[in-house]
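Residue-level listing of the chains:
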Amino acid sequence: MQILTQLVYSGIALGMIYAVIAFGYQLTFATSDTLNFGQGDALMLGALVGLTLVTLGLNYWLMIPLVCLFGAVQGAFVERIGVRPAIKIKSEFGWIMSTIALGIIFKNVAENVWGRDDLKFPSPLPESPIQFLGANVLPMEILVVVGAVGMMAAVEVFNRKSIYGKAVVATFNDRDAAKLMGINTGLVITFSYALSSMSAAFAGVLIAPLTLTGATMGAVLGLKAFAVAIIGGLTSGMGIIVGGIILGIAETTTGFYISTGYKDVPGLVLLLLVLAFKPAGLFGKTVIKKV
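It should be emphasised that the depicted structure is a prediction, and the values quoted were computed from it without experimental measurement. (Residues numbered from 1 in each chain as written. Predicted model: local features only at pLDDT ≥ 70, side-chain atom pairs only at ≥ 80, totals over all residues. Heavy atoms only, no water.)

Brief notes about helix H3 (residues 60-88)
Item 1. For H3, which comprises 29 residues, the first-to-last C-alpha distance of 40 Å matches the rise-based estimate of 42 Å (1.5 Å per residue) to within 8%.
Item 2. Roughly 40 degrees is the biggest bend found in H3, and it falls at Arg80.
Item 3. For H3, the N-terminal capping position is held by Asn59, with its side-chain oxygen 2.8 Å away from the main-chain nitrogen of Trp61. (Helix = DSSP H or I, 4+ residues; strand = E, 2+ residues; numbered from the N terminus. Expected span 1.5 Å × (residues − 1). Bend = angle between axes of the 7 residues up to and from the residue. Polar contact = N/O pair within 3.5 Å; in protein donor to acceptor, adjacent residues only side chain to side chain.)

This is the structure we're talking about:
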């Protein structure tokens, strides 16, 4: 039971990282019906920029706002260069190839700037585990969960309470109607991409002290986060969190009880089942469009 509790703790921490990245997919899909397939690379760049700032002597906590700002600028750049032209010409596949291409470019730039070797990110918290409910949990794992929930809650409050957030919600509900009401939907879409990449960059500096940092770290994380978004539902914030926790716990328990070589299998099987029987996701809503 102690081992199982330990695996659940680790799975929740891992799942919340997936959830934060998947939350970025949800933000862009809500406003523009597009996805940034370079989300994993935004996480990678955030972690590497954060490592550079910490190496230069900047405090970890002071580094986080700068990395978030960098992520926002990077996301706005992706929308302007890769997504907006495709939306303008109503290309259904242009934004897919553009975001993938930009992700590859960012990865190559990272390899040339920081090298191909994985780097150690110093932990801002003690690395000795804390005893909690019969199992050990790392302080950084607690920070990951608190930070992930805090980020998503802050965005939710922003959308509900601020006039700019209400513009985002209006664009999500009906983009054409929002445009007729005077809302600059193009700016809202740019903002959603900026917020999406900012959340990924934030996730990067959260997970970096728990793993190795390098140019390839974002590829697998981005793919698994996409699976979480599909499993939970691209229209449901709660679904994103639940999907992340399910996938995280499934990976840690499978890796321990069966084999680390099979830890990716349960999540992919669940993804296939969801696509087959509930394509909108476990918590997503099926929308019927009139044509």
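Thoughts on a nonpolar patch on the surface
Item 1. On the surface, Ile3, Leu4, Phe256, Tyr257, Ile258, Tyr262, Val265, Val269, Leu273 and Phe277 cluster together into a nonpolar patch covering about 1,000 Å² of accessible area.
Item 2. Breaking the nonpolar patch down by element, the ones donating at least two residues are helix H1 (2-32), helix H10 (237-257) and helix H11 (265-277).
Item 3. Broken down by element, the nonpolar patch gets its largest block of residues, four residues, from H11.
Item 4. With respect to the secondary-structure elements, Val269 resides in helix H11. (Patch = residues over 30% accessible without salt bridge, like charges linked within 9 Å, V, L, I, M, F, W, Y side chains within 5 Å. Areas by Shrake-Rupley, 256 points an atom, 1.4 Å probe, with all protein chains shown as cover. Salt bridge = Lys/Arg side-chain N within 4 Å of Asp/Glu carboxyl O.)

As for the pattern of salt bridges
Item 1. A complete count under the given rule lists six salt bridges for this structure.
Item 2. Residue Asp264 pairs with Lys263 through a salt bridge whose shortest N-O separation is 3.6 Å.
Item 3. Here Lys263 falls in the partly exposed class, since its relative accessible area comes to 29%.
Item 4. Linked through salt bridges whose partners overlap, the residues forming this network are Lys224, Glu251, Lys263 and Asp264. (Buried < 20%, exposed > 50% of the residue type's maximum accessible area, 1.4 Å probe, protein only.)

Concerning the packing of aromatic side chains
Item 1. Following the criterion strictly, the structure yields eight aromatic pairs and no others.
Item 2. With a centroid separation of 5.0 Å and an interplanar angle of 90 degrees, the aromatic rings of Phe256 and Tyr257 are classed as edge-to-face.
Item 3. By relative accessible area, which is 47% here, Phe256 ends up partly exposed.
Item 4. Ring-pair connections join several aromatic residues into one group, and the members of that group are Tyr25, Phe37, Trp95 and Phe226. (Phe/Tyr/Trp six-rings, centres within 6.5 Å; stacked < 30°, edge-to-face > 60°.)

A closer look at empty space enclosed by the protein
Item 1. Following the criterion strictly, the structure yields one cavity of 30 Å³ or more and no others.
Item 2. The volume enclosed by the largest cavity comes to roughly 30 Å³.
Item 3. Surrounding the largest cavity, Leu27, Asn159, Val168, Phe191, Ser192 and Leu195 form its lining.
Item 4. Looking at which element gives the most residues to the lining of the largest cavity, the answer is helix H8 (residues 185-207), with three residues.
Item 5. Considered class by class, the residues forming the lining of the largest cavity number four nonpolar, two polar and no charged. (1 Å grid on protein atoms, 1.4 Å probe; cavity = no way out; pocket = protein on both sides within 12 Å on 5 of 7 lines; lining within 4 Å. Points joined across faces, edges and corners; volume = space filled by probe spheres on them. Nonpolar A, V, L, I, M, F, W, Y, C, P; charged D, E, K, R; others polar.)

Structural notes on H11
Item 1. The end-to-end C-alpha separation of H11 is 18 Å, in line with the 18 Å expected for 13 residues at 1.5 Å each.
Item 2. Regarding H11, the residues found buried are Gly267, Leu271 and Val274. Summarising the axial view, the buried residues of H11 lie within an arc of 70 degrees, below the 170-degree limit, and thus occupy one face. Across H11 from its buried face, at more than 90 degrees, point the exposed residues Leu272, Ala276 and Phe277.
Item 3. In the core, the buried residues of H11 are packed alongside helix H9 (217-232) and H10. (Arc of directions from axis to C-beta. Contact = heavy atoms within 4.5 Å.)

Topic: the packing of helix H2 (residues 39-55) against helix H4 (residues 94-114)
Item 1. Two numbers describe how H2 lies on H4: the axes approach to 10 Å, and their chain directions differ by 25 degrees. It follows from the interaxial angle that H2 and H4 lie roughly parallel. Note that H2 runs across H4; the crossing there is left-handed. Seen from H2, the contacting residues are Asp41, Met44, Leu45, Leu48, Val49 and Thr52; seen from H4, they are Gly103, Phe106, Lys107, Ala110 and Trp114.
Item 2. A breakdown of the residues in the contact of H2 with H4 according to their chemical character gives seven nonpolar, two polar and two charged. (Axes fitted to C-alpha atoms, helices over the stretch in contact; angles between N-to-C directions. Parallel < 35°, antiparallel > 145°, perpendicular 65-115°, else oblique. Left-handed = near helix turned anticlockwise from the far one by under 90°.)

All we've got here are geometric facts, nothing functional implied.
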